[in-house]
Amino acid sequence: MLIDETSLSGTIDAVSARLTCGAELSVAEREDLVAWLLGRQIRSGHGRGLLAPFPGELEAGVRLFTGERLRTRIATRNVLTLESARILSALAGEVPEVRNALARTSAAMRQACFAVSHCVIGECAHSSIAYMRDAASERSGCRRKWIEDHSHVIREHRDGAGRWKRFPFYYTLLALLEVGTPAANAELAYAHPACRRVFERASNDGYAARRKDVLRRALGGTTRPLPTR
């Protein structure tokens, strides 16, 4: 069951897991999922264009696909909205109603500080990586430039040991793999020592299995973007 009627994050996680491993969704699953996600979008007023998490998710916080926990409400809303946008674009991006919904989301996200000025203070860093993943799924002219500029911001936050200050390590690796530009690949090469250190002791259950897969791909240089239609 892909849709969790009580959890936007749970639904996104289940769908992302299916798509990442290359599994196909049935026509009925796609239609139900798209309709459900569109129903979570705020259409007017404060938060227009964002997707609404359930109250319990904002209280408890959610995890990124690679397991890092989000602790602030604003990052939770941003990341869940951006991850939903990627899924909607991949599954039904040509449908007029979906295009309109994605335009509302894009208008809302373009005003965020991480989109405007590459802010990475606090969990804006996490939101910026979600924005990078969403931008990589489209790669229009302005988004290509944003990706390139943000790759340099990530570079500026190297800690000298294969990781980055502020940025969630595994989620950042995943985004860099999906971006696949020379600048992104340079960051993956920089991260090799840290990836090697943690790869052998990574387990194979839950989020740890996802992290190990990301580490394996980062070390092997294999890019695998979210499957499209």
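Refer to the structure above for everything that follows.
Since this is a predicted model, take the numbers as computed values, not measurements.

**Q** What is the right way to look at the overall build of the protein in this model?
**A** What the protein contains, in helices and strands, is 11 helices and 2 strands. Overall, the protein shows an N-to-C arrangement of helices and strands of α-α-α-β-β-α-α-α-α-α-α-α-α. A compact globule built from 229 residues would reach a C-alpha radius of gyration of about 17 Å, and the protein, at 17 Å, matches this within 12%. Taken along its principal axes, the extent of the C-alpha atoms in the protein is 45 × 35 × 35 Å. Here the contacts in the protein between residues at least 6 apart in sequence split such that 64% fall between residues at least 24 apart. For the protein, the accessible surface area stands at approximately 10,600 Å², while carbon and sulfur atoms represent 53% of it.

**Q** Help me out: how do you make sense of the packing of helix α2 (residues 27–39) against helix α4 (residues 73–92) in this one?
**A** Their axes nearest at 10 Å, the elements α2 and α4 cross at an angle of 140°. As judged from the angle between their axes, α2 and α4 are oblique. In the crossing of α2 with α4, the sense of the turn from one axis to the other is left-handed. Packed against α2, whose contacting residues are Arg30, Leu33, Val34, Leu37 and Leu38, the element α4 presents Ser84, Ile87, Leu88, Leu91 and Ala92 at the interface. Of the residues in the contact of α2 with α4, the class split is 8 nonpolar, 1 polar and 1 charged.

**Q** Where do I start with the packing of α4 against helix α7 (residues 124–136) in this structure?
**A** A pair of packed helices is captured by two measures, namely the crossing angle of their axes and the spacing between those axes. Taken N-terminus to C-terminus, the directions of α4 and α7 make an angle of 10°; their axes are 9 Å apart at the nearest point. With respect to α7, the element α4 is oriented roughly parallel. Residues Ala75, Asn78, Val79, Leu82, Glu83, Ala85 and Arg86 of α4 touch α7, and the partners they reach there are His126, Ser127, Ala130, Tyr131, Arg133 and Asp134. Residue composition of the contact of α4 with α7, by class: 6 nonpolar, 3 polar and 4 charged.

**Q** Is there a simple way to explain α7 in this structure?
**A** Count 3.6 residues to each turn of an α-helix, and residues three or four apart come out pointing the same way. Over its 13 residues, α7 runs 18 Å from end to end, which matches the ideal 18 Å to within 8%, given 1.5 Å per residue. With 13 of 13 residues buried, α7 lies mostly within the body of the structure.

**Q** For this particular structure, what's the right way to read helix α5 (residues 96–109)?
**A** Its 14 residues give α5 an end-to-end C-alpha distance of 20 Å, which sits within 8% of 20 Å, the value for a rise of 1.5 Å per residue. Of the positions making up α5, those classed as buried are Val98, Ala101, Leu102, Arg104, Thr105, Ala108 and Met109. Looking straight down α5, one finds its buried side chains confined to an arc of 155°; they lie on one side. Summarising the contacts, the buried residues of α5 are in contact with α2, α4, α6 (113–117) and α7.

**Q** Can you walk me through the side chain of Arg143 in this structure?
**A** In this structure, Arg143 sits in helix α8 (residues 141–156). A polar side-chain atom of Arg143 sits 3.0 Å from a polar atom in the side chain of Asp134.

**Q** How do you make sense of the nonpolar core when you look at a structure like this?
**A** Generally speaking, a soluble globular protein has its nonpolar side chains buried in company with each other. Ranked by size, the top nonpolar core spans 47 residues in total, and within it Trp164, Phe167, Phe169, Leu173 and Leu215 carry the most contacts. Looking at this core, the elements with two or more residues in it are α4, α5, α6, α7, α8, α9 (169–179), α10 (182–199) and α11 (206–220). When residues of this core are assigned to their parent elements, the largest contribution, 9 residues, is made by α9. Leu2, Trp36, Leu38 and Ala92 belong to the second largest nonpolar core, which has 23 residues in total.

**Q** Sorry, what's going on with the packing of aromatic side chains here?
**A** To describe a pair of aromatic rings, one takes the distance between the centres and the angle between the planes. Under the definition given, this model contains 6 aromatic pairs. Between Tyr131 and Trp146 the ring centres are 4.7 Å apart and the planes differ by 80°, which places this aromatic pair in the edge-to-face class. Of this pair, Tyr131 sits in helix α7 while Trp146 sits in helix α8, and the two are 15 residues apart along the sequence. With relative accessibility at 6%, the residue Tyr131 sits in the buried group.

**Q** So what exactly am I meant to see when it comes to the pattern of salt bridges here?
**A** Side chains that carry opposite charge are capable of pairing whenever their charged atoms lie near each other. Applying the stated criterion to the full structure yields 14 salt bridges. Put simply, Glu83 and Arg133 hold a salt bridge, and the shortest N to O gap is 2.7 Å. Taken together, the residues span a long stretch of sequence, with Glu83 in helix α4 and Arg133 in helix α7 at a distance of 50 residues. Of the two residues, Glu83 and Arg133, neither departs from the other in class, the shared state being buried. As a salt-bridge pair, Glu178 and Arg86 come within 3.6 Å of each other at their nearest N and O atoms. One end of the pair, Glu178, is in helix α9; the other, Arg86, is in helix α4, with 92 residues separating them in the sequence. Judged by its relative accessible area of 9%, Glu178 falls in the buried class. Through salt bridges with shared partners, a single ionic network connects Glu83, Arg86, Arg133 and Glu178.

What counts and how
- Residues numbered from 1 in each chain as written.
- Predicted model: local features only at pLDDT ≥ 70, side-chain atom pairs only at ≥ 80, totals over all residues.
- Heavy atoms only, no water.
- Helix = DSSP H or I, 4+ residues; strand = E, 2+ residues; numbered from the N terminus.
- Rg over C-alpha atoms; globule rule 2.2 N^0.38 Å.
- Contact = heavy atoms within 4.5 Å.
- Areas by Shrake-Rupley, 256 points an atom, 1.4 Å probe, with all protein chains shown as cover.
- Axes fitted to C-alpha atoms, helices over the stretch in contact; angles between N-to-C directions.
- Parallel < 35°, antiparallel > 145°, perpendicular 65-115°, else oblique.
- Left-handed = near helix turned anticlockwise from the far one by under 90°.
- Nonpolar A, V, L, I, M, F, W, Y, C, P; charged D, E, K, R; others polar.
- Expected span 1.5 Å × (residues − 1).
- Buried < 20%, exposed > 50% of the residue type's maximum accessible area, 1.4 Å probe, protein only.
- Arc of directions from axis to C-beta.
- Polar contact = N/O pair within 3.5 Å; in protein donor to acceptor, adjacent residues only side chain to side chain.
- Core = buried A, V, L, I, M, F, W, Y, C linked by side-chain atoms within 4.5 Å.
- Phe/Tyr/Trp six-rings, centres within 6.5 Å; stacked < 30°, edge-to-face > 60°.
- Salt bridge = Lys/Arg side-chain N within 4 Å of Asp/Glu carboxyl O.

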